[in-house]
Amino acid sequence: MTRISVTVDGTTYEDDVEPRLLLAHYLRDRLGLTGTPIGCDTSHCGACTVDLDGASAKSCSVLAVQADGCEVTTIQGLAHDGAWTALQQAFHDQHALQCGYCTPGMIMAARDLLRENPHPCPDEIRQALEGNLCRCTGYQNIVRAVLEASGQQAHGAHGAGAAQEAGEEVTA
């Protein structure tokens with residue numbers, strides 16, 4: 001067993017863990033943070049994406065011992081006093097989810113993108129999210145949600161940004 005100290009969603013935990021324990025399993029099984037789903041255990045789907053010391057990371061590809069001394073933010077640590085972030089609200093407003101399984105990872109990866117590039121174009125969004133798979137939506141509404149969160153698209157699926165994204169001509 002290895003002793004770790006990790007801050008997760010603002011709370012510091014000190015635990016003894018097996019050296020081979022994945023961060024995803026530590027978060028879910030030890031800490032009860034089930035908002036971080038495990039989709040593949042091979043780092044292909046991105047559903048388990050969390051923020052690890054300021055950058056998105058697939059928690060199924062990180063050992064819990066590697067997070068020793070680090071700060072981890074999960075999807076459950078984003079909302080404050082029950083209020084969603086603008087990105088979470090945009091995913092809701094733009095219907096950027098269907099089954100919702102990929103949504104935590106998509107939001108965490110999009111959050112990382114917006115931190116580095118506050119006004120990405122649709123192609124930059126698609127490129128940044130290419131490591132996160134969704135089997136339901138076709139990604140269009142996910143791109144619209146990230147555009148909305150970045151302030152580049154009006155609220156609602158039929159705003160000017162949505163029309164431009166769809167290739168429609170927009171008249172003012």
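Attention here is on the structure that accompanies the text.

Conventions used here
Residues numbered from 1 in each chain as written. Predicted model: local features only at pLDDT ≥ 70, side-chain atom pairs only at ≥ 80, totals over all residues. Heavy atoms only, no water. Helix = DSSP H or I, 4+ residues; strand = E, 2+ residues; numbered from the N terminus. Buried < 20%, exposed > 50% of the residue type's maximum accessible area, 1.4 Å probe, protein only. Contact = heavy atoms within 4.5 Å. Pairing = 2+ DSSP bridges. Axes fitted to C-alpha atoms, helices over the stretch in contact; angles between N-to-C directions. 1 Å grid on protein atoms, 1.4 Å probe; cavity = no way out; pocket = protein on both sides within 12 Å on 5 of 7 lines; lining within 4 Å. Points joined across faces, edges and corners; volume = space filled by probe spheres on them. Nonpolar A, V, L, I, M, F, W, Y, C, P; charged D, E, K, R; others polar. Salt bridge = Lys/Arg side-chain N within 4 Å of Asp/Glu carboxyl O. Expected span 1.5 Å × (residues − 1).

### Section: the overall build of the chain
Each helix and strand counted, the chain has 6 helices and 5 strands in total. Moving toward the C terminus, one meets the helices and strands of the chain in the order β-β-α-β-β-β-α-α-α-α-α. Counting all 172 residues of the chain, 43% fall into the buried class. For the chain, long-range pairs separated by at least 24 residues make up 55% of all intrachain contacts whose partners lie at least 6 apart in sequence.

### Considering the sheet that holds strand E1 (residues 2–8)
As summarised here, the arrangement of the 5 strands in space is E2-E1-E5-E3-E4, forming an open sheet in which the pairing is mixed. The open sheet is flanked by strand E2 (11–17) and strand E4 (55–58), the only strands paired with a single partner. Each strand of the sheet is rotated relative to its neighbour by a mean of 40°, with strand direction disregarded. Of the pairings in the sheet, the one linking E1 to E2 comprises 7 bridges and is antiparallel in character. Considered in E2, the bridge of Ser5 is made with Glu14. Where helix H1 (residues 23–30) meets the sheet, its contacts fall on E1, E2, strand E3 (49–52) and strand E5 (71–73), and the angle it forms with E2 comes to roughly 105°. The sheet contacts of helix H3 (residues 103–116) involve E3, E4 and E5, and relative to E3 the element is tilted by about 40°.

### So, the layout of surface pockets
When its volume is computed, the largest pocket comes out at roughly 180 Å³. If you trace the largest pocket, you find it lined by Gly39, Cys40, Cys45, Ala47, Cys99, Tyr101, Cys102, Leu133, Cys134, Arg135 and Cys136. Of the residues contributing to the lining of the largest pocket, the split by class is 9 nonpolar, 1 polar and 1 charged.

### Side note on the pattern of salt bridges
A full pass over the atoms with the stated rule returns 7 salt bridges. For Asp16, the salt bridge is made with Arg3, and the minimal N-O distance between the two is 3.5 Å. Residue Asp16 is located in strand E2, and its partner Arg3 is located in strand E1; the two are separated by 13 residues in the primary sequence. Note that Asp51 and Arg111 form a salt bridge whose closest N and O atoms lie 3.2 Å from each other. Here Asp51 is found in strand E3, whereas its partner Arg111 is found in helix H3, with 60 residues between them in sequence. Accessibility expressed as a relative area gives 7% for Asp51, which makes it buried.

### Some details on H3
Between its first and last C-alpha atoms H3 spans 20 Å; for 14 residues at 1.5 Å apiece the expected length is 20 Å, and the two agree. With respect to burial, H3 is a largely interior element, 11 of its 14 residues being buried. Of the positions making up H3, those classed as buried are Thr103, Pro104, Gly105, Met106, Ile107, Met108, Ala109, Ala110, Asp112, Leu113 and Leu114. At its buried positions, H3 is contacted by E3, E4, E5, helix H2 (86–93), helix H4 (122–128) and helix H5 (140–149).

### Overview of the pairing of E1
Where E1 hands over to E2, the hairpin turn is made up of 2 residues, of which Asp9 adopts a positive phi near 50°. Here E1 runs beside E5; their pairing, made up of 2 bridges, is parallel. Within E5, the position partnered with Val8 by the bridge is Val72.

### Points about the environment of Val62
By the secondary structure assignment, Val62 is in the loop between E4 and E5. When residues no more than four places from it in sequence are discounted, the contact partners of Val62 are Leu22, Leu23, Leu52 and Ala57.

Purely spatial values, then, with no claim about function.
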